[in-house]
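Results of the structural survey
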Amino acid sequence: MPHPSSPIVHNNQPDVCGLCYKKTAMPELHVVGDTHGHLNELRRLLRAVQIIDADDNWLASQDTLVLLGDMVDRGPDGVGVIDLLTQIQEDARAHGGQVHAVLGNHEVQLLAARQFGDTARAPESTHTFFGDWHRWGGVLEDLARLQPRHVHWLEQLPTVVRIGDDLLVHADATFYPRYGRSVDEVNATVADVLASVDVARWDAMLRDMLEKHAFEGDSGAQFLGGMLARFGGRRLIHGHSPICHVLGQPPDSISRAHIYAGGRCVNVDHGVYLGGQGFVFTTTISTSATTGGGVLTK
Ligand SMILES: [Mn+2]
């Protein structure tokens, strides 16, 4: 096999040479949990596993990177996170890779604060969209810096993504199958709400997105099984519920994903905004024959 002239090779058979980026032939899936405006930490994590280089160039060949939502709020630079993701999304695409970001409740809360401001969330409610966004960690500088290109990027985010046998969503919540019978239907339903000016629909969706811990215990595992049967996939990966809270451990002690429900559920919320060191969950992309149409009982 001829030796490449440059150590930087985007190669369809990357395991032929030790100087090539990728040591394995199989494309990998990398998943990053709730970033919450922590741009420096996100860069540090992506650089540490050589997904991007020191200048934010894509290094991960034909791999797929998924940011699992709640990329904004709570931290210093949510808009900076959006800008970085937009840029590496383009760079990855140009090099055969993919970057997806999934919609989390904080993205919807930010869009709601921008669109509805001091509008009450319900006729008798004293809660406003802006007030709730701010109370739950909304950063005023982010709202002020939000340009139409950021809004457009947020509005087109998918809510569910399936990569091989992995189904990726932000929240360990039960609303997804109520929003559609397929991944595409759920994404279309959420996009339809975001494109609407219907306060009641926004309010209901925001409440749906706040649920946590839906896949825990026997009934949770049963629901999870139905959800995987419905949307396809053999495993679900989510963020939204910091692992340190789930396990009752200090945030800085969390260094890996929390795998539960007999291996069919993976929580990757590293709690970076709470002081967690963060991690990137990496797995090979496998595809087996899976079918949709399962029955959900929860
Ligand atoms: Mn969340």
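Since we're looking at a predicted model, the values are computed, not measured.

This paragraph deals with helix H9 (residues 217-231). For H9, which comprises 15 residues, the first-to-last C-alpha distance of 21 Å matches the rise-based estimate of 21 Å (1.5 Å per residue) to within 8%. Phe223, Leu224, Met227, Leu228, Arg230 and Phe231 are the residues of H9 that are buried. The buried side chains of H9 occupy one side of the element, clustering within an arc of 155° when seen end-on. Downstream of H9 by one or two residues, Gly232 has phi in the positive range, about 90°.

Time to look at the confidence of the model for the chain. Averaged over the chain, the pLDDT score is 91; the fraction of residues at 70 or greater is 88%. With pLDDT under 50 throughout, residues 1-23 is counted as low confidence; its partners more than four residues away or in other chains account for 26 contacts. Of the regions scoring below 50 in pLDDT, residues 290-295 engages in 13 contacts with residues more than four places distant in sequence or in other chains.

Take the environment of Ala261 next. Take Ala261: it is sitting in the loop between strand S7 (258-260) and strand S8 (265-267). Looking at Ala261, the number of C-beta atoms within 10 Å reads 21, which means it is buried. The sequence separation of Ala261 and Asp218 amounts to 43 residues, and the corresponding C-alpha distance is 8.3 Å. In contact with Ala261, not counting residues within four places along its chain, are Phe215, Gly220, Ala221 and Leu224.

Looking now at the pairing of strand S4 (residues 160-163). In this sheet, strand S5 (residues 166-169) lies alongside S4 in antiparallel orientation, the contact comprising four bridges. The partner of Ile163 across the bridge, within S5, is Asp166. Hairpin remark: S4 followed by S5, antiparallel, with two residues in the connecting loop; positive phi at Gly164, about 55°.

The subject of this paragraph is the pairing of strand S3 (residues 98-101). Residues in a regular strand point their side chains to alternate faces of the sheet. With burial as the criterion, only one face of S3 is covered, namely that bearing Val99 and Ala101; the residues Gln98 and His100 on the opposite face remain uncovered. Across four bridges, strand S2 (residues 64-67) lies against S3 in parallel orientation. Each bridged residue has a counterpart across the sheet, and for Leu67 the counterpart in S3 is Ala101. One crossover worth recording links S2 to the parallel S3 by way of helix H2 (residues 78-94), and it is right-handed.

Moving on: the packing of helix H3 (residues 105-116) against helix H8 (residues 199-209). Following both chains from N to C, one finds H3 and H8 inclined at 155°, their axes separated by 10 Å at the closest point. What the angle tells us is that H3 and H8 run roughly antiparallel. Two packed elements cross with a definite hand, and for H3 against H8 that hand is left-handed. Each of Asn105, Val108, Gln109, Ala112 and Phe116 in H3 lies in contact with H8, whose residues at this interface are Val199, Trp202, Met205, Leu206 and Met209.

Two strands in a sheet stick together by hydrogen bonds in their backbones, pointing the same way (parallel) or opposite ways (antiparallel). In space, the four strands of this open sheet follow the order S3-S2-S1-S9, with mixed pairing throughout. Looking along the sheet, the strands with just one partner apiece sit at the ends: S3 and strand S9 (281-284). The average undirected angle you get between the axes of adjacent strands in this sheet is 20°. Sheet topology note: the strand S1 (residues 28-32)/S2 ladder contains four bridges and is parallel. When the bridges of S2 are listed, Val32 appears paired with Leu67.

Before going further, it helps to examine the environment of Thr283. Tracing the sequence through the fold places Thr283 in strand S9. A tally of 17 C-beta atoms within 10 Å means that Thr283 is categorised as partly exposed. For the pair formed by Thr283 and Pro27, sequence separation is 256 residues and the distance between their alpha carbons is 9.1 Å. Among residues more than four places away in sequence, those in contact with Thr283 are Glu28 and Leu29.

Reading the values: the criteria
For every chain, the first residue of the written sequence is number 1, and numbering continues from 1 onward in sequence order. Totals for whole chains, interfaces and linings use all residues, but because this is a predicted model, local features are given only for residues with pLDDT of at least 70 and pairs of side-chain atoms are given and counted only at 80 or more. Helix numbering and strand numbering both begin at the N terminus, where a helix is a DSSP run of H or I of at least 4 residues and a strand a DSSP run of E of at least 2. By definition here, a helix of n residues has an expected span of 1.5 Å times n minus one. Around each residue's C-beta, the other C-beta atoms within 10 Å are counted; 20 or more make the residue buried, 12 or fewer make it exposed, and counts in between make it partly exposed. All C-beta atoms are placed from the backbone. Note that the arc is defined by the directions from the helix axis to the C-beta atoms. As a per-residue quantity, pLDDT reports the predictor's confidence and falls between 0 and 100. Residues are treated as contacting if the C-beta atoms built from their backbones sit within 7 Å of each other. Two strands make a pair as long as DSSP finds a minimum of two bridges between them. Call a crossover right-handed when, viewed with both strands pointing away from you, the route from the first strand across the helix to the second goes clockwise. In this analysis, axes come from line fits to C-alpha atoms, helices being fitted only over the stretch in contact, and the angle between any two N-to-C directions falls in the range 0 to 180 degrees. Oblique is the label for any angle not under 35 degrees, not over 145, and not in the 65 to 115 range, which are roughly parallel, roughly antiparallel and roughly perpendicular in turn. For any helix crossing, the convention is left-handed if the near helix is rotated counterclockwise from the far helix by under a right angle, and right-handed if that rotation is clockwise.

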